[in-house]
There are 2 protein chains.
Amino acid sequence: MKFKIGDKAEFCKVVLESDIIKFAEITGDFNPVHIDESFATQTRFGARIAHGMMSASFICTVLGMQLPGIGTIHTTQHVEFKKPVYIGDALTVRLEVTEIINEKYLRLSSKVFNQTGDIVIDGYSVVLPPRT
Amino acid sequence: MKFKIGDKAEFCKVVLESDIIKFAEITGDFNPVHIDESFATQTRFGARIAHGMMSASFICTVLGMQLPGIGTIHTTQHVEFKKPVYIGDALTVRLEVTEIINEKYLRLSSKVFNQTGDIVIDGYSVVLPPRT
């Protein structure tokens, strides 16, 4: 096992309006809170927000590209949505290995923060890292 | 509470190559198992597979558009990736209310099946349904 408890990686991403439109096209989730500014201003959020699962997907970008990296098999993802994400928010995804399960799987804490340091997603991942 | 245990909804979606490309553009997850056919054929999957979190995102399409519908606040999502999803797969997302928590939140089982009836994602959602 080349990974150890405490291994970390992070990824930064600014959320663009175009990301939200593309995400709606892929998923069919055209909920107006994501795409209709005049509707969204009437909600508790006060403006359009990103799809929660889009921000959660940035966790997998780190898993697949950095830690553990290419060849990783993602088996479980748990996410709790703590705060809304707005267009223009600069997100930081932070992953850290918290457990090695049966010398085979890794459990990582997977958290997403916005530019003011608020946690927007708290969660964990379980993955089978690449063999080599 | 207008919802009850046993309430159900479903959504069908064929996974297109263009969905995978767009998803990679949004997330920055250009892992070659998703976008490079010659690489992917050398892996255990034998062909390009969709990003797991893309298939998981279809769960949220049902939550936000159908059950509970527009105005829903998604608080928790848990997913276990059971089988790979390939380009051209026809997915069916099935949600069912399994618990009403404190007369306020709903817990739903959230499952995704492929065209042969295999479960590709097993999970659950917790949401705050719209008040009206």
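See above for the structure.
A quick note: this is a predicted structure, and the numbers were derived from the prediction, not measured.

Asker: For this particular structure, what's the right way to read the overall build of chain A?
Answerer: Within chain A one finds 4 helices and 5 strands. When the helices and strands of chain A are read in sequence order from the N terminus, they spell out β-α-α-α-α-β-β-β-β. Once the C-alpha set of chain A is aligned to its principal axes, its extents read approximately 50 × 30 × 20 Å. A total of 132 residues make up chain A; the buried ones form 52% of that total. Across chain A, the fraction of contacts at a sequence separation of at least 24, relative to all contacts at a separation of at least 6, is 62%. Of the roughly 5800 Å² that chain A leaves accessible, carbon and sulfur atoms contribute 52%. Of the side chains in chain A, 14 bear a positive and 15 a negative charge, and the two mean positions are spaced by 6 Å.

Asker: Even after reading the chapter, I still don't get the interface of chain A and chain B, so can you show me in this structure?
Answerer: How big an interface is tends to be reported as the loss of accessible area on association of its parts. Across the boundary between the two partners, chain A contributes 39 residues, which contact 39 residues of chain B. Taking both sides of the interface into account, the surface hidden between chain A and chain B amounts to around 3200 Å²; carbon and sulfur atoms contribute 62%. Between the two partners, chain A and chain B, sit 2 salt bridges. Where chain A touches chain B, the interface holds 13 residue pairs in polar contact (both at pLDDT 80 or more). Elements with a contribution of two residues or more to the side of chain A that touches chain B: β1 (8-14), α1 (17-27), α4 (52-65), β2 (73-81) and β5 (119-128) of chain A. Partitioning the side of chain A that touches chain B into residue classes produces 19 nonpolar, 12 polar and 8 charged. Bridge analysis of β2(A) against strand β2 (residues 73-81) of chain B gives 5 bridges, and the strand direction is antiparallel. Bridge pairing in β2(B) links A:Val79 to B:Gln77.

Asker: Before we go on, may I ask you to explain the environment of B:Thr92 in this structure?
Answerer: Residue and element names in this part refer to chain B. Within the secondary structure, threonine 92 sits in strand β3 (residues 90-101). Its relative accessible area of 14% is what places threonine 92 among the buried residues. In this structure, threonine 92 is in contact with Glu10, Phe11, Cys12, Lys111, Val112 and Phe113, ignoring residues within four places of it in sequence.

Asker: So what exactly am I meant to see when it comes to the side chain of B:Ser57 here?
Answerer: Secondary-structure assignment places B:Ser57 in helix α4 (residues 52-65). Exposure remark for B:Ser57: the relative accessible area of 1% places this residue in the buried category.

Asker: Just to check I follow, could you spell out the packing of aromatic side chains for this structure?
Answerer: The description of an aromatic ring pair uses the distance of the two centres, along with the angle that the planes make with each other. Evaluated as defined, the whole model comprises 3 aromatic pairs over all chains. When the ring of A:Phe23 is compared with that of B:Phe23, the centres are 6.2 Å apart and the planes differ by 40 degrees; the resulting orientation is tilted. Within this pair, whereas A:Phe23 is found in helix α1, its partner B:Phe23 is found in helix α1 (residues 17-27), the two belonging to separate chains. By the burial criterion, A:Phe23 is buried, and B:Phe23 matches it.

Asker: Looking at this structure, how should I read the pairing of β1(A)?
Answerer: Remark: a regular strand shows side chains that alternate across the two faces of the sheet. All names here are of chain A. Side chains of β1 alternate between two faces, with Ala9, Phe11 and Lys13 buried and Lys8, Glu10, Cys12 and Val14 left unburied. Here β1 runs beside strand β3 (residues 90-101); their pairing, made up of 7 bridges, is antiparallel. Residue pairing across strands places cysteine 12 opposite threonine 92, the latter belonging to β3.

Asker: It is not clear to me how the sheet that holds β2(A) should be interpreted in this structure. Could you clarify?
Answerer: Through backbone hydrogen bonds, the strands of a sheet pair up, either in parallel or in antiparallel fashion. The 10 strands are arranged β1(A)-β3(A)-β4(A)-β5(A)-β2(A)-β2(B)-β5(B)-β4(B)-β3(B)-β1(B) in an open sheet whose pairing can be described as antiparallel. Of all the strands in the sheet, just β1 of chain A together with β1 (8-14) of chain B have a single pairing partner and so form its edges. Ignoring strand direction, the axes of neighbouring strands in this sheet form an average angle of 20 degrees. Strands in contact with α4(A) are β1, β2, β3, β4 (105-113) and β5 of chain A together with β2 of chain B; relative to β2(A), the strand with the most contacts, it is inclined by about 140 degrees.

Asker: Before we go on, may I ask you to explain the relation of the copies chain A and chain B in this structure?
Answerer: One chain copy maps onto the other through a rotation about an axis and a shift parallel to that axis. Overlaying chain A on chain B yields an RMSD of 0.0 Å, the required transformation being a rotation through 180 degrees with an accompanying axial translation of 0.0 Å. Between the two chains, the operation in question is that of a two-fold axis. Closest approach to the rotation axis among the C-alpha atoms of chain A is made by A:His78, whose C-alpha sits 2.2 Å away. Both copies share a contact surface, since 100% of the interface residues of chain A are interface residues in chain B too.

Asker: Can you walk me through α1(B) in this structure?
Answerer: Among all positions of α1(B), only B:Asp19, B:Ile20, B:Phe23, B:Ala24, B:Ile26 and B:Thr27 are buried. The arc enclosing the buried residues of α1(B), seen along the axis, measures out at 160 degrees, which places them on a common side. For α1(B), the secondary structure elements touched by its buried residues are β1, α1 and α4 of chain A together with β1, α2 (32-35) and α4 of chain B. B:Gly28 lies just past α1(B) and shows a positive phi near 80 degrees.

Conventions we followed
- Residues numbered from 1 in each chain as written.
- Chains lettered and ligands numbered in written order.
- Predicted model: local features only at pLDDT ≥ 70, side-chain atom pairs only at ≥ 80, totals over all residues.
- Heavy atoms only, no water.
- Helix = DSSP H or I, 4+ residues; strand = E, 2+ residues; numbered from the N terminus.
- Buried < 20%, exposed > 50% of the residue type's maximum accessible area, 1.4 Å probe, protein only.
- Contact = heavy atoms within 4.5 Å.
- Areas by Shrake-Rupley, 256 points an atom, 1.4 Å probe, with all protein chains shown as cover.
- Lys, Arg positive; Asp, Glu negative; His and termini not counted.
- Charge placed at Lys NZ, Arg CZ, Asp CG, Glu CD.
- Buried area = accessible area lost by both parts, 1.4 Å probe.
- Salt bridge = Lys/Arg side-chain N within 4 Å of Asp/Glu carboxyl O.
- Polar contact = N/O pair within 3.5 Å; in protein donor to acceptor, adjacent residues only side chain to side chain.
- Nonpolar A, V, L, I, M, F, W, Y, C, P; charged D, E, K, R; others polar.
- Pairing = 2+ DSSP bridges.
- Phe/Tyr/Trp six-rings, centres within 6.5 Å; stacked < 30°, edge-to-face > 60°.
- Axes fitted to C-alpha atoms, helices over the stretch in contact; angles between N-to-C directions.
- Least-squares fit on C-alpha atoms with pLDDT ≥ 70 in both.
- Arc of directions from axis to C-beta.

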